[in-house]
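Tertiary structure, described
Here is what each chain is made of, one letter per residue.
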Amino acid sequence: MILGWLISTIVAAILGTILAAFIMTMNKKVVRDKRGEIDFSKSDIYFHWTRWDYVIIFTAVYTFLCITGLLLFLLRGDNIDSPWIQFFIHQTFVFSLITSIWFITRIAFVFKGIKERWSDEFR
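Attention in this report is confined to the structure presented alongside it. (Residues numbered from 1 in each chain as written. Predicted model: local features only at pLDDT ≥ 70, side-chain atom pairs only at ≥ 80, totals over all residues. Heavy atoms only, no water.)

Comments concerning the overall build of the protein chain
Looking only at helices and strands, the protein chain has 3 helices and 0 strands in total. Mapped in sequence order, the helices and strands of the protein chain form the string α-α-α. For 123 residues, the compact-globule estimate of 2.2 N^0.38 gives 14 Å, and the protein chain exceeds it by more than 25% at 19 Å. For the C-alpha atoms alone, the extent of the protein chain along its principal axes is close to 65 × 25 × 20 Å. If you take every contact in the protein chain between residues at least 6 apart in sequence, the share linking residues at least 24 apart comes to 71%. (Helix = DSSP H or I, 4+ residues; strand = E, 2+ residues; numbered from the N terminus. Rg over C-alpha atoms; globule rule 2.2 N^0.38 Å. Contact = heavy atoms within 4.5 Å.)

Some words on helix α1 (residues 3–24)
An α-helical segment advances 3.6 residues per turn. Residues three or four places apart therefore align on the same side. The end-to-end C-alpha distance of α1 is 31 Å, a good match for the 32 Å that 22 residues give at a rise of 1.5 Å each. For α1, the full list of buried residues reads Gly4, Ser8, Ala12, Gly16, Leu19 and Ile23. Buried residues of α1 fall within an arc of 80° about the axis and therefore sit on the same side. Counted as exposed and oriented over 90 degrees from the buried face of α1: Ile14, Thr17 and Met24. (Expected span 1.5 Å × (residues − 1). Buried < 20%, exposed > 50% of the residue type's maximum accessible area, 1.4 Å probe, protein only. Arc of directions from axis to C-beta.)

As structure tokens, this is what we get:
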């Protein structure tokens, strides 16, 4: 009964690490000031289409495919004892959470950058 959860945890850890590595490599393009805060006047990475956007789209599509797989196995008559049901439930939960957090973080950085650029123009 544990097989689906175990395989799903391993897959989530591997995919999460790979996708986080793609996003973390963009930090070298971020310019920070003396206090360690992002200087949005010199870092315009948040205002362009980047790998971060592709990762968010990939995780959203993967989550949709996991929901579809879960639905198919439930319609087939499987229950929670099935390793496939366990796998798809876990993957759907983990990757919908990751996608939401990354998307909200991305939007927060864009809004913060717009706010700082806008306030700098009127000083």
